[in-house]
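# Descriptive structure summary
This is what each chain is made of:
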Amino acid sequence: MDFSGCSLCPRECKADRTKHNGFCGGGDKIKIARAALHFWEEPCISGKNGSGTVFFSGCQLKCCFCQNYKISEEAFGKEISTDRLSKIFLELQEKGAHNINLVSATPYLPLVINALDNINGRLHIPVVFNSGGYESVDTLKTLKGYIDIYLPDMKYLNPDIAEKYSSARDYPDVAKKALDEMFSQVGTPVFDNDGIMQRGMIIRHLALPNNLDDTYSVLKYISERFPDNSVLLSLMSQYTPCHKAFLHKEISRRISTLEYEKAVDYALSLGLKGFMQERSSAKEEYTPPFDLEGV
Ligand code: SF4
């Protein structure tokens, strides 16, 4: 893979990653911070055995409230070879993982594809692409046939908010096109006999305090864009201010019970189905320790 002049993601920063890291923090080698069973995804992803989650270092989004900022912004992690990544996938499978869950893998995707090719026929569990939704359609097309489950965010539909919190004014347009491409690849949800997802798309939306109007816009968009019951919604309540969120007074608190209930009621009124969390589920366990476990 030639990482000079990178345009893997919508930032298209054209960094020569053989010489220096790109806007996302990615260099020319795979870098990961943790590879372990994770029990805090949606129930059909984590199941009882856990999701085989690989946290990649760096990220093309710059969300001021990122809970994973140590790896996303500070790019904590260890560089590993493609062969090692293949072995990690197989090790997670052996531990009983219901799936391989690629978290923010975009900066390394050509190498991740190589790692999956290396073990073609030996990996028998679904591969999940867990993404902030800010993805280029051309790059997503290279994933066709490799990804069984897309787990993207749809964070915002208001460009001003996307600019303010994630330095990505084009996020709404980019995410709309990305989600269309993802859905075209995997189609409607398929589950095994134990209720574990095998194929399909779950769209996540993290409800932010004092931003209910944009949450409503996102939910309405999802309900109108995708046919009934063709995608699942995960409406997340666990927002906790951290990192640079305190620079913005309006998001310097958790969401209120009333705000979350209003969002859930609206989603249900639109006929959206999926996962609505108890608001009390905002716990630290959602952010695992980035301690190089399994690396
Ligand atoms: S993946 Fe990283 S290096 Fe490549 S275009 Fe995006 S931000 Fe730049």
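Here's a quick rundown of the structure.

What counts as what
- Residues numbered from 1 in each chain as written.
- Predicted model: local features only at pLDDT ≥ 70, side-chain atom pairs only at ≥ 80, totals over all residues.
- Heavy atoms only, no water.
- Helix = DSSP H or I, 4+ residues; strand = E, 2+ residues; numbered from the N terminus.
- Rg over C-alpha atoms; globule rule 2.2 N^0.38 Å.
- Buried < 20%, exposed > 50% of the residue type's maximum accessible area, 1.4 Å probe, protein only.
- Contact = heavy atoms within 4.5 Å.
- Areas by Shrake-Rupley, 256 points an atom, 1.4 Å probe, with all protein chains shown as cover.
- Lys, Arg positive; Asp, Glu negative; His and termini not counted.
- Charge placed at Lys NZ, Arg CZ, Asp CG, Glu CD.
- Axes fitted to C-alpha atoms, helices over the stretch in contact; angles between N-to-C directions.
- Parallel < 35°, antiparallel > 145°, perpendicular 65-115°, else oblique.
- Left-handed = near helix turned anticlockwise from the far one by under 90°.
- Nonpolar A, V, L, I, M, F, W, Y, C, P; charged D, E, K, R; others polar.
- Phe/Tyr/Trp six-rings, centres within 6.5 Å; stacked < 30°, edge-to-face > 60°.
- Lys NZ or Arg CZ within 6 Å of the ring centre and 35° of its normal.
- Pairing = 2+ DSSP bridges.
- Salt bridge = Lys/Arg side-chain N within 4 Å of Asp/Glu carboxyl O.
- Polar contact = N/O pair within 3.5 Å; in protein donor to acceptor, adjacent residues only side chain to side chain.

## A few points about the overall build of the protein chain
Counting its regular elements, the protein chain contains nine helices and ten strands. Computed over the C-alpha atoms, the radius of gyration of the protein chain is 18 Å, within 12% of the 19 Å expected from 2.2 N^0.38 for a compact globule of 295 residues. Dimensions along the principal axes, computed over C-alpha positions, put the protein chain at roughly 50 × 45 × 35 Å. Within the protein chain, buried positions represent 57% of all 295 residues. Sequence-distant contacts, at least 24 apart, represent 71% of the contacts inside the protein chain between residues at least 6 apart. Roughly 12700 Å² of accessible area belongs to the protein chain as shown, and the carbon and sulfur atoms make up 49% of that amount. Across the protein chain, 34 positive and 38 negative side-chain charges occur, with their mean positions spaced 2 Å apart.

## Focus on the packing of helix H8 (residues 212-225) against helix H9 (residues 257-269)
The contact between H8 and H9 brings their axes to 10 Å, and the two run at 20°. As far as their axial angle goes, H9 and H8 are roughly parallel. Considering how the two elements wind past one another, H8 and H9 form a crossing that is right-handed. In this structure, H8 uses Leu212, Thr215, Tyr216, Leu219 and Lys220 to contact H9, whose residues at the interface are Glu259, Lys262, Ala263, Tyr266 and Ala267. Partitioned by chemical class, the residues of the contact of H8 with H9 number six nonpolar, one polar and three charged.

## Quick word on the packing of aromatic side chains
Inspection of every chain in the model, using the stated rule, returns ten aromatic pairs. Geometrically, the ring pair formed by Phe55 and Phe290 is edge-to-face, given 5.3 Å between the ring centres and 70° between the ring planes. Placement of the pair is Phe55 in strand S2 (residues 51-56) and Phe290 in the segment after strand S10 (274-276), with a sequence separation of 235 residues. The same class applies to Phe55 as to Phe290, namely buried. It is Arg17 that lies over the ring of Tyr108; its NZ or CZ is 5.8 Å from the centre. The ring of Phe23 carries the charged tip of Lys62 above its face, separated from the ring centre by 5.1 Å.

## Overview of unusual backbone geometry
One non-glycine residue, Lys14, lies in positive phi territory at about 60°. Inspection of the secondary structure puts Lys14 in the segment before strand S1 (30-38). Backbone geometry places Asn210, a non-glycine residue, at a positive phi of 60°.

## Overview of the pairing of S2
The element S2 is extensively covered by neighbouring structure, given that six of its six residues are classed as buried. Both faces of S2 are covered, namely the face carrying Ser51, Thr53 and Phe55 and the face carrying Gly52, Val54 and Phe56. The pairing of S2 with strand S4 (residues 100-103) spans four bridges and is classified as parallel. The residue bridging Phe55 from the neighbouring strand is Val103, located in S4.

## Here's the deal with the pattern of salt bridges
Side-chain pairing between opposite charges can occur once the charged atoms of the two side chains come close. Across all of its chains, the model carries 16 salt bridges by this definition. Taken together, the salt bridges that share partners define one network made up of Arg34, Asp291 and Glu293.

## Digging into the packing of helix H3 (residues 82-94) against helix H4 (residues 109-118)
Taken N-terminus to C-terminus, the directions of H3 and H4 make an angle of 60°; their axes are 8 Å apart at the nearest point. Taken together, H3 and H4 sit at an angle that is classed as oblique. Regarding H3 and H4, the two cross each other, and that crossing is right-handed. On H4, the residues touching Thr82, Asp83, Leu85, Ser86 and Phe89 of H3 are Leu111, Val112, Asn114, Ala115, Leu116 and Asn118.

## Some details on the side chain of Ser136
By the secondary structure assignment, Ser136 is in the loop between strand S5 (127-131) and helix H5 (137-141). Assessed through its relative accessible area of 13%, Ser136 is described here as buried. A distance of 3.1 Å separates a polar side-chain atom of Ser136 from the backbone nitrogen of Thr139. Setting aside its immediate chain neighbours within four residues, Ser136 contacts Leu8, Cys9 and Pro10.

## Quick word on the pairing of strand S6 (residues 149-152)
Judged by which residues are buried, S6 turns out to be covered on both faces: Ile149 and Leu151 on one side and Tyr150 and Pro152 on the other are all buried. In the sheet, S5 pairs with S6 via four bridges, with the strands oriented parallel. Considered in S6, the bridge of Ser131 is made with Pro152. Of the pairings in the sheet, the one linking S6 to strand S8 (residues 197-206) comprises two bridges and is parallel in character. Each residue of the ladder has a partner; that of Tyr150, found in S8, is Met201.

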